[in-house]
Amino acid sequence: MNRFIIVLMLFITFCNCADAIEDIKKVYLNEAIDAAIENNIDLQAAQIEVNIAKNNIKVANRLQNPEINAFYFLGAAGASEPKQLGVSQNIEIAKRSARKNLAISNLELTQKNVNYTTFDLKMDVREAYINLVATKSILDALEQQLELQEELLDIAKVRTKGSKEPEIDTIQVEIALNQLITQVNTAKVDVKTALSSFNKIINDPNKITYDSKDKLFSEENNFKEMLTPDPNYKFPSIDKIIEKVLPNRYDLQIAKQEIDIAEKNLTVVARQRVPDISLTGGYAYQVASRTDSGNFNNGAYAGASLVNIPLFYNYSPEIQNAAYKVQQAELKFSSVKNKAIKDITAAYEKFLTAAENLNYYENKILKNSEQMIEMSKDNYENGETDITALIVMKQSYRSIIIGYTYALAEYYNGWTNFLREVNDENFNFTETI
């Protein structure tokens, strides 16, 4: 019986642990972006700002609440003055429409900021995905080199056993192998770190761990799946690109919207000088015991007055400050535009350099290195060269493979950074030429 209870408790514990384990979901880049847009908590919080801005339009367009007035005169005053029950209402002149227009402009700014946040999230996912794939690719390359190093150790042991080479060959290979093992271990940690960063960017509250499907260092080099143009493409000049993309940048749209907000705010502040009207009306009566004629007298009363007359204070400091805000917004727009041109140019030049380096790796460095490593391996097996030369060659080849992986990652990240600067995730060179 006790054994049955123990088994049952272990089973329950296992089930609870299984529930706690997150699901692993392998995704391509476009799927990762969709998952982030749908589930990202920070983006959901940012989108609430749109609802707040919509409600602020209603707040700005509000009517002033009325006041209920009652006058009941006591003592001698009550003998001659009527009792009154009425309503007072302040009516704003030329203010509600200005406030509403300002609130609408703020809503447009909020929506632009949310759009920019969404776009920025997509670019963050791209970068995190590429970095994850890059670290996995480096790990894959190092593990392949580890297998080759183990194969080389077997060859060295055979040669040493046959007394063709001194035992020091085996020791050298073992040292190189152990060094490579530490690099593999470090690469595994890098993959875990990149995976964690990738999921941190997606920020999905559900129990899902997203992982990449792609590997950069592969025979396919599928640029289409990575949403990146082929590095052999004949890219256009930067002038054509700037002419096309500059008006669509989110930061320029936001800066332009801030000018509109500053102008509308100036209107709101300036209209504080316009007096408002206060209307008063109601019912008045005197009881028979309080009238000279002994009759019950009653009737209505109405009144109007101007309030908030800018006589002693005319809001000049507020109006001047609002005008300064317009100047600031205009200067900010010019600054953003000037910096945008420089940022786009720098990002494009960096992308073109990454494409050039990647093509150089693929067309020259990799092919020659693969031939050299095979020749060195054959020469060692045939006794035509020593182990030191082969180890040095393998280390150089490993550096080339890792360098090629970094070149791929740099190319993909260069494209992502370029997309950041043009603010267009669907940028197409064919539409620019």
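Since this is a predicted model, take the numbers as computed values, not measurements.

A.B. asks: Account for a negative patch on the surface, naming residues and giving values.
C.D. replies: A cluster of like negative charges, contributed by Glu143, Glu147, Glu150 and Asp154, occupies part of the molecular surface. With respect to the helices, strands and loops of the structure, glutamate 150 is situated in helix H5 (residues 96-161). Taking relative accessible area as the criterion, glutamate 150 reaches 38% and is therefore assigned partly exposed.

A.B. asks: Could you give me a rundown of the layout of surface pockets, with the residues and numbers involved?
C.D. replies: Taken as a whole, the largest pocket spans an internal volume of roughly 250 Å³. Leu227, Trp415, Glu425, Asn426 and Phe427 are the residues nearest the centre of the largest pocket, which is lined by 15 residues in total. Contributions of two or more residues to the lining of the largest pocket are made by H5 and helix H10 (387-422). Across the lining of the largest pocket, the residue classes tally to nine nonpolar, four polar and two charged.

A.B. asks: Any details on helix H2 (residues 29-39)? Residues and values, ideally.
C.D. replies: Buried within H2 we find Leu29, Ala32, Ile33, Ala35, Ala36 and Asn39. An end-on view of H2 places all buried positions within 160 degrees of arc, on one side of the element. More than 90 degrees from the buried face of H2, the exposed residues found are Asp34 and Glu38.

A.B. asks: Hey, could you go over the environment of leucine 279 for me, with residue numbers and the actual values?
C.D. replies: Here leucine 279 is to be found in strand E5 (residues 276-286). The class of leucine 279 is partly exposed, set by a relative accessible area of 36%. As a C-alpha pair, leucine 279 and proline 66 span 213 residues in sequence and 9.7 Å in three-dimensional space. With residues near it in sequence (within four places) discarded, leucine 279 still touches Val87, Ser88, Gln89, Ile91, Gly303 and Ala304.

A.B. asks: Now, about the side chain of asparagine 199: what can you tell me, with residues and values included?
C.D. replies: In this fold, asparagine 199 is placed in helix H6 (residues 168-202). Looking at asparagine 199, its side chain comes within polar contact range of the main-chain nitrogen of tyrosine 210, at 2.7 Å. Once residues within four sequence positions are removed from consideration, asparagine 199 is found in contact with Asp204, Ile208, Thr209 and Tyr210.

A.B. asks: An account of the pairing of strand E3 (residues 83-91) is needed here, citing residue identities and associated values.
C.D. replies: The sheet contact formed by strand E2 (residues 67-71) and E3 spans five bridges and is antiparallel. Paired with phenylalanine 71 across the two strands is glutamine 84, which belongs to E3. Looking at chain direction, E3 and E5 are connected through nine bridges and run antiparallel. For glutamine 89, the partnering residue across the bridge sits in E5 and is leucine 279.

Analysis parameters
- Residues numbered from 1 in each chain as written.
- Predicted model: local features only at pLDDT ≥ 70, side-chain atom pairs only at ≥ 80, totals over all residues.
- Heavy atoms only, no water.
- Patch = residues over 30% accessible without salt bridge, like charges linked within 9 Å, V, L, I, M, F, W, Y side chains within 5 Å.
- Areas by Shrake-Rupley, 256 points an atom, 1.4 Å probe, with all protein chains shown as cover.
- Salt bridge = Lys/Arg side-chain N within 4 Å of Asp/Glu carboxyl O.
- Lys, Arg positive; Asp, Glu negative; His and termini not counted.
- Charge placed at Lys NZ, Arg CZ, Asp CG, Glu CD.
- Helix = DSSP H or I, 4+ residues; strand = E, 2+ residues; numbered from the N terminus.
- Buried < 20%, exposed > 50% of the residue type's maximum accessible area, 1.4 Å probe, protein only.
- 1 Å grid on protein atoms, 1.4 Å probe; cavity = no way out; pocket = protein on both sides within 12 Å on 5 of 7 lines; lining within 4 Å.
- Points joined across faces, edges and corners; volume = space filled by probe spheres on them.
- Nonpolar A, V, L, I, M, F, W, Y, C, P; charged D, E, K, R; others polar.
- Arc of directions from axis to C-beta.
- Contact = heavy atoms within 4.5 Å.
- Polar contact = N/O pair within 3.5 Å; in protein donor to acceptor, adjacent residues only side chain to side chain.
- Pairing = 2+ DSSP bridges.

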